[in-house]
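# Summary of structural features
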Amino acid sequence: MAYRATLILGDGIGPEVTAATQRVIEAAGVKIDWEVARAGLGVLKETGNALPKETLDSLIRNKLGLKGPTDTPLGEGHRSANVELRMKLDLYANIRPVKIIPGQITPFKDVDIVVFRQGTEDIYIGEERWVDDAHTIAEAVSRISKFESERIFRHAFEYATKHGRKKVTCAHKANILKLTQGLFLNAGRSISARYPDIVFQDRIVDNMAKELVMYPSEYDVIVLTNMFGDILSDECAGLVGGLGFTPGANIGEGVALFEAVHGTAPDIAGQNKANPSALILSAVMMLEHIGESEAAKKIRESVYQVVFEGRVVTGDAHLLHRVGKPASTTEMTDEIIRKVQS
Ligand code: NAI
């Protein structure tokens with residue numbers, strides 16, 4: 001049976017890593033009819049819209065998508081296509097697993113964390129305004145609801161139950177932001193009462209940031225509001241060999257959209273240097289989501305084996321034993337495909 005999914009190529013390294021990922025999925029024997037759609041700065045420049053209606057329609061129709069990263073200008077310009085996608089498609093759960101791949105150089109052992117970032121609320125809603133006419137003071141709204149907070153905690157606890165995880169940590173700033181962050185923490189407390197077999201604990205987010213670089217193996221599932229989740233999931237990526245290896249999923253009640261944690265990497269875009277692993281591992285999450293567990297396992301193991309051997313891996317990876325020169329995106333993809341087919 002062929003599945004149907006939307007493919008957003010994105011900007012920067014997006015077209016390179018999406019092409020690599022399509023090839024690996026095909027090599028694993030899963031047939032997907034890709035409906036190519038556009039989002040980001042490239043399509044904005046051509047059409048004046050960073051997230052065309054056809055792209056949203058395609059995702060709603062297919063309920064499944066894979067996305068390359070998209071550019072958002074700093075301090076000016078259009079609203080992020082990612083934020084729009086999450087808000088318009090109600091992609092409330094941004095799930096980012098972080099795990100050491102054997103063969104990577106890291107000061108830690110056994111890091112295996114799943115970050116649950118609430119995807120549709122908080123300061124990320126982008127409601128900003130000038131306070132004075134001279135535009136010397138600005139302010140932003142952080143909106144957090146009981147409904148969404150409970151929904152993300154429920155999702156995290158259900159995930160923990162299904163995957164045999166033992167501990168859920170809420171990271172927050174409820175000591176200072178007593179209403180918004182307090183509401184989030186209280187939602188965690190109230191949902192946790194329904195899951196007596198899973199330990200629930202909380203950490204103030206600044207302490208959490210320190211804990212992650214000192215004792216990451218102590219943490220299991222971590223649940224955060226949107227902005228803290230964005231920042232701490234990149235920190236987590238740094239614990240396990242960088243952004244080139246960190247996958248992600250945006251899940252809603254209707255649509256599931258899979259994308260790496262990394263951005264468009266403008267410094268290496270178009271040079272065939274990007275590490276395709278993060279998007280390939282995002283596709284592994286997508287295959288698990290649609291029930292293609294065998295193919296997912298095969299691809300994950302193939303990526304892990306390529307990293308462990310260190311012969312054909314892109315330059316961003318810090319490896320225990322790198323053999324020879326850094327590989328290109330295409331070479332690393334070819335090597336992963338060889339393992340998938342072996
Ligand atoms: P970035 O993730 O694009 O790059 C940070 C650093 O990591 C760079 O040195 C880059 O070369 C490296 N890197 C990232 N992915 C890599 C990969 N697959 N292989 C090898 N090296 C990799 O973050 P940055 O520079 O902060 O953002 C650049 C653009 O990406 C911005 O326009 C930003 O808005 C956008 N962005 C988009 C995201 C998305 O669409 N999901 C997520 C994060 C940023």
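Quick caveat: nothing in here was measured; it's all calculated off a predicted structure.

### Some remarks on the UniProt feature "domain: Isopropylmalate dehydrogenase-like" (unreviewed entry) in the chain
According to UniProt, the "domain: Isopropylmalate dehydrogenase-like" (unreviewed entry) feature falls on residues 4-336. Helix makes up 39% of residues 4-336 and strand makes up 17%, while its end C-alpha atoms are separated by 24 Å.

### Description of the pattern of salt bridges
Using the criterion set out here, one finds 30 salt bridges in the structure. Residues E84 and R79 are paired through a salt bridge, measuring 2.7 Å at the closest nitrogen-oxygen approach. On the basis of relative accessibility, which here comes to 16%, the residue E84 falls in the buried class. The class for R79 is partly exposed, based on a relative accessible area of 36%. In this structure, D90 engages R151 in a salt bridge whose closest nitrogen and oxygen atoms are separated by 2.7 Å. Of the two residues, D90 is situated in the loop between helix 4 (81-88) and strand 4 (93-99) and R151 in helix 5 (residues 146-162); the sequence distance between them amounts to 61 residues.

### Considerations on the environment of V284
By secondary structure assignment, the location of V284 is in helix 9 (residues 277-289). Discounting chain neighbours no more than four positions away, the residues touching V284 are A296, I299 and R300.

### Some details on the side chain of S58
Checked against the element boundaries, S58 lands in helix 3 (residues 53-62). Within polar-contact distance, the side chain of S58 engages the side chain of E35 at 2.7 Å.

### With respect to the pairing of strand 1 (residues 3-8)
Counting buried positions along strand 1 yields 5 of 6 residues, so the element is predominantly enclosed. As defined by bridge partners, strand 1 adjoins strand 2 (residues 32-37) across 6 bridges and the pair is classed as parallel. Bridging across to strand 2, A5 finds its partner in W34. Relative to strand 3 (residues 64-67), strand 1 runs parallel, the two sharing 3 bridges. By the bridge assignment, T6 is partnered in strand 3 with G65.

Calculation rules
Residues numbered from 1 in each chain as written. Predicted model: local features only at pLDDT ≥ 70, side-chain atom pairs only at ≥ 80, totals over all residues. Heavy atoms only, no water. UniProt positions renumbered as here; feature names shortened; annotations may be inferred. Helix = DSSP H or I, 4+ residues; strand = E, 2+ residues; numbered from the N terminus. Salt bridge = Lys/Arg side-chain N within 4 Å of Asp/Glu carboxyl O. Buried < 20%, exposed > 50% of the residue type's maximum accessible area, 1.4 Å probe, protein only. Contact = heavy atoms within 4.5 Å. Polar contact = N/O pair within 3.5 Å; in protein donor to acceptor, adjacent residues only side chain to side chain. Pairing = 2+ DSSP bridges.

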